[in-house]
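Results of the structural survey
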Amino acid sequence: MTVRTGEATPPPQAHAEEEPGRGKRRRVVARETRLQQEEEEEEEEEGASSEPETRPRPPPATPAAAEEPAATAAGAEARAQLAINIRRMLAVEAERRGRIAERIGVQAEGPILTLEDTFCDIDDGSAKSQVARKVALGVSQSIVSLSSFAGRKRIRVCSGFVIRWNDSTSIGTILTSAALVRPPCGDDVRVEVFLPSGDISICQISMVDFHHNIALVEVTSNFKLQEAVILKYIIDKGDVLALGRSYEGGLLMCSRGEISNRASIFECSELLVSSCEITMAGTGGPLVNYNGHVVGINFFEENQTPFLSMAIVFKCLEHHQIFGRIIRPWIGFWFTSIQMVPLSHLEHIYRKFSDVDNGLYISNVAEGSPADIAGIRQGDNLMKCGGKFLSTAPEFGAMLMDKCKETMEEYDQETNGDFSAKRITVEIVIKRENDGSTIEKTISAGLIEEFNYNRWPTPIPSYKVRRDTIGREKGMIPKFVEY
């Protein structure tokens, strides 16, 4: 287009004319913006008047600088709200863990263990692990898993191991923990066993001893079950393996450790301790040496594994097989191996007799008990029983059970199985803590049956158990527990 000089160029048509209503909207927006700026200026003046006069007033912020504090404040608020939410979540989780701990009777600290938590620490490829794996595989066919049910609800899961197989009846006898059937289990409890073959069968309870926390169950199997090789004497040192089997999937579990001179939190004085670490699913499983021989039955405890020596288990089974019940004397003192006494207290003992490396330390004596009447005091060191030196608590327990057996056999015909009025005599030798003197004592103790010293505070179901008899009437089914 040709533009002539000296003539004004007309403005573009777009600026010459506006769309209807656009100018009005621009004026409204401008007026609102101006009002907003005036309000902000008034707020700034009020804030400045409230500040001390000595403080200089900050220069007006540019738009970019004004947005930065707003973003920082929003981020701080979001972080504060996030922290509040996290604290609430942690509080809810702690409350939930506390409720679970109250139900299962364990401490709330540390990870929460469930019935199906497994354990295994022999898969690290080391030379010791390779040896342990071979031992575990050799014993595996005698290890089972058991679960107790009330209706459809699963109550507990334990491990166990086969101690006897009857070819003529195809019935296997399994040793496990009495925790499998203790409260809240009722009379309608059902026990199922997961066999090494993968089969699950219903089994029958044949013996329960809540003092030693052991139980026997019997199961019929189409396949012969492998019996575990059991040592009937006390092993209180050496390397061991704690074995078990999970109920879900039947996984073989193993933890290696060694027998140590440590005390257990449980009440049974005959318990020893190994450094193996198992879960609750391993309760009732075998503790074996590296020859594959079972030396004890395991129980669950944090960071260590208490176990009952098979020497004590054998005495219990012997009592039950012959007499249909387990009978012990009540002496009335609590004891532990001198090797488990804390060093701070052991120093006081060594001041009186420094030549004592073995024996049992008597930590408490019940007032009015046979031990109290015989003159046994707290702090005495029990050196001998029946002329034999003592070094471990299971040794003393086994001696007492042998003494009970002799007494029961002597009075069996005379009393027709009623031992409540009979007593046993225990000859012991002690050393006094105060002067180191050696004293012989005779304790006359009464006999008590297993349900009289049940250590669980709540009632247990009354089982009728089948009794294997030797030299006694066959088919006799005594009532096991009366409450």
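Residues numbered from 1 in each chain as written. Predicted model: local features only at pLDDT ≥ 70, side-chain atom pairs only at ≥ 80, totals over all residues. Heavy atoms only, no water.

Quick look at the sheet that holds strand β3 (residues 171–177)
The line we're drawing: For two strands to be treated as a pair, DSSP must find no fewer than two bridges joining them. Helix and strand definitions here come from DSSP, where helices need a minimum of 4 consecutive H or I residues and strands a minimum of 2 consecutive E residues; each element is numbered from the N-terminal end. Helix axes are fitted to C-alpha atoms over the stretch in contact, other axes to C-alpha atoms as well, and angles between N-to-C directions run from 0 to 180 degrees.
The six strands are arranged β1-β2-β3-β6-β5-β4 in a closed barrel whose pairing can be described as antiparallel. Strand after strand, the sheet turns through a mean of 40° between neighbouring axes, direction not considered. Here strand β2 (residues 153–166) runs beside β3; their pairing, made up of six bridges, is antiparallel. Counterpart to V162 in the pairing with β3 is I174.

A word on a nonpolar patch on the surface
Rules: To count toward a patch, a residue needs a relative accessible area over 30% and no salt bridge; like charges are then connected within 9 Å, while nonpolar side chains (Val, Leu, Ile, Met, Phe, Trp, Tyr) are connected within 5 Å. Computed with a 1.4 Å probe, the accessible areas rest on the Shrake-Rupley method; for each residue, only the protein chains presented here act as cover. The salt bridge definition used is simple: a Lys or Arg side-chain nitrogen within 4 Å of an Asp or Glu carboxyl oxygen.
A cluster of nonpolar side chains, L82, I86 and L90, forms an exposed patch at the surface whose accessible area comes to about 290 Å². Looking at the element boundaries, L82 is found in helix α3 (residues 63–104).

Re the sheet that holds strand β10 (residues 286–289)
Formally: Throughout, a residue-residue contact means that at least one pair of heavy atoms, one from each residue, lies within 4.5 Å.
Taken in spatial order, the six strands line up as β7-β8-β9-β12-β11-β10 and close into a barrel, and their pairing is antiparallel. Strand-to-strand twist of the sheet, defined as the mean angle between neighbouring strand axes without regard to direction, takes the value 45°. Contacts between helix α5 (residues 310–323) and the sheet are confined to β11 (294–298) and β12 (305–309), with β12 contributing the most and set at about 50° to the helix.

Some words on the nonpolar core
We count it as follows: Among buried residues, those of type Ala, Val, Leu, Ile, Met, Phe, Trp, Tyr and Cys that are joined through side-chain atoms within 4.5 Å constitute a nonpolar core. Three labels apply to residues, based on accessible area from a 1.4 Å probe with only protein chains included: buried if under 20% of the type maximum, exposed if over 50%, partly exposed otherwise in between.
In terms of nonpolar packing, the biggest core is built from 31 residues, with F161, L175, I214, I297, L308 and V313 touching the most fellow members. Looking at this core, the elements that each hand over two or more residues are α4 (127–139), β2, β6 (214–220), β7 (239–245), β11, α5 and α8 (393–415). Per-element tally for this core: the top contributor is α5, with five residues. Judged by nonpolar contacts, the second largest core, of 27 residues, contains F335, I376, A393 and A445.

Details of the pairing of strand β8 (residues 252–260)
Inspection of the sheet shows β7 paired to β8 by seven bridges, in the antiparallel sense. In the strand pairing of β8, L243 is matched with C254. Hairpin connection, β7 to β8: the antiparallel pair is bridged by six residues, and G249 has positive phi, about 90°. One ladder, built from two bridges, connects β8 with strand β9 (residues 272–274); its direction is antiparallel. From the neighbouring strand, S260 faces β9, where its bridge partner is V273.

What about the pattern of salt bridges?
Following the criterion strictly, the structure yields eight salt bridges and no others. Linking E318 and K405 is a salt bridge whose minimum nitrogen-to-oxygen distance equals 2.9 Å. Of this pair, E318 sits in helix α5 while K405 sits in helix α8, placing them 87 residues apart in sequence. Comparing E318 with K405 shows no difference in burial state: the two are buried.

Here we look at the packing of aromatic side chains
The following threshold applies: Here a Phe, Tyr or Trp ring, Trp counted by its six-membered ring, pairs with any other such ring whose centre lies within 6.5 Å, and the pair is stacked when the planes are under 30 degrees apart, edge-to-face when over 60, and tilted otherwise.
Inspection of the entire model under this criterion finds five aromatic pairs. Their ring planes at 10° and their centres at 6.2 Å tell us that F333 and F396 sit as a pair that is stacked. Taken together, the positions of F333 in strand β14 (residues 333–337) and F396 in helix α8 put the pair 63 residues apart, joining distant regions of the chain. F396 carries the same exposure label as F333, and that label is buried. Judged by centre distance (5.3 Å) and plane angle (80°), the ring pair of F335 and F396 falls under edge-to-face. Of this pair, F335 sits in strand β14 while F396 sits in helix α8, placing them 61 residues apart in sequence. For the pair F335 and F396, one class covers both residues: buried. Through a chain of ring-to-ring contacts, the aromatic side chains of F149, F194 and Y247 assemble into a single cluster.

Quick look at the side chain of N289
Heads up, the condition is: Throughout this description, a polar contact denotes any pair of N or O atoms lying within 3.5 Å of each other; where both atoms belong to protein, one of them has to be capable of donating a hydrogen while the other can accept it, and for residues adjacent in sequence the pair is counted only when both atoms sit in side chains.
Tracing the chain through its elements places N289 in strand β10. One polar contact links the side chain of N289 to the main-chain amide nitrogen of N291, over a distance of 3.0 Å. Side-chain polar atoms of N289 contact the backbone nitrogen of H293, separated by 3.0 Å. Residue contacts for N289: discarding those within four places in its chain leaves V135, L231, D239, V240 and V295.

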